[in-house]
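Summary of structural features
What follows is each chain in one-letter form.
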Amino acid sequence: VQLQASGGGLVQAGGSLRLSCAVSGRASSTYHMGWFRQAPGKEREFVAAINWMTSSTFYADSVKGRFTSSRDNAKATVNLQMSSLKPEDTAVYYCAADRFRIPSTRAMGALELWGQGTLVTVSS
């Protein structure tokens, strides 16, 4: 199974972007999916996650109410809709997947799969 993230770019503060992560391979729809980000000079941090069985979503406090994660099992894609973007959202965003662990700060070091990252730049 491989992950391919896309959709990053440059946007003004207050704008929106939609990131997508395409999951390829066997049983691609049975992975818990998540998003993380890493800003320059900072550690990677959890952003959002979605449980493949229940479609329950989880968000970091810093993005709650502004970001929405969703998945399309038929297309084997997970999306991150980002709205009301702030300059502090600037980072490389990574999608991650795991068959057993729901992505989170605690699980970050043990997740099975990572995408290559896509850069989001929010200008003020």
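The side chains of a regular strand alternate, residue by residue, between the two faces of the sheet. Going residue by residue along strand S3 (residues 17-24), you find Leu17, Leu19, Cys21 and Val23 tucked away on one face and Arg18, Ser20, Ala22 and Ser24 left uncovered on the opposite face. Bridge count for strand S1 (residues 2-6) against S3 is 5 bridges, and the pairing is antiparallel. Residue Leu3 lies in a different strand from S3, and its bridge partner there is Val23.

Quick look at the sheet that holds S3 now. Taken in spatial order, the 4 strands make up an open sheet running S1-S3-S8-S7, and their pairing is antiparallel. If you trace the sheet from one side to the other, it starts and ends with S1 and strand S7 (67-72), each paired once. Ignoring which end each strand starts from, the neighbouring axes of this sheet average 15 degrees apart. Alignment of S7 against strand S8 (residues 77-82), held across 6 bridges, turns out to be antiparallel. For Arg71, the partnering residue across the bridge sits in S8 and is Val78.

Turning our attention to the pairing of strand S9 (residues 91-98). Summarising burial for S9: 7 of the 8 residues are buried, a large majority. One ladder, built from 7 bridges, connects strand S4 (residues 32-38) with S9; its direction is antiparallel. Its bridge partner lying in S9, Arg37 is registered against Tyr93. Note that S9 and strand S11 (residues 118-123) share 3 bridges and pair antiparallel. Each residue of the ladder has a partner; that of Tyr93, found in S11, is Thr118. Pairing geometry for S9 and strand S10 (residues 113-114), over 2 bridges, is antiparallel. Residue pairing in the sheet places Ala97 in a bridge with Leu113 of S10.

Conventions and cut-offs
Residues numbered from 1 in each chain as written. Predicted model: local features only at pLDDT ≥ 70, side-chain atom pairs only at ≥ 80, totals over all residues. Heavy atoms only, no water. Buried < 20%, exposed > 50% of the residue type's maximum accessible area, 1.4 Å probe, protein only. Helix = DSSP H or I, 4+ residues; strand = E, 2+ residues; numbered from the N terminus. Pairing = 2+ DSSP bridges. Axes fitted to C-alpha atoms, helices over the stretch in contact; angles between N-to-C directions.

Any functional reading would require information beyond the geometric quantities listed.
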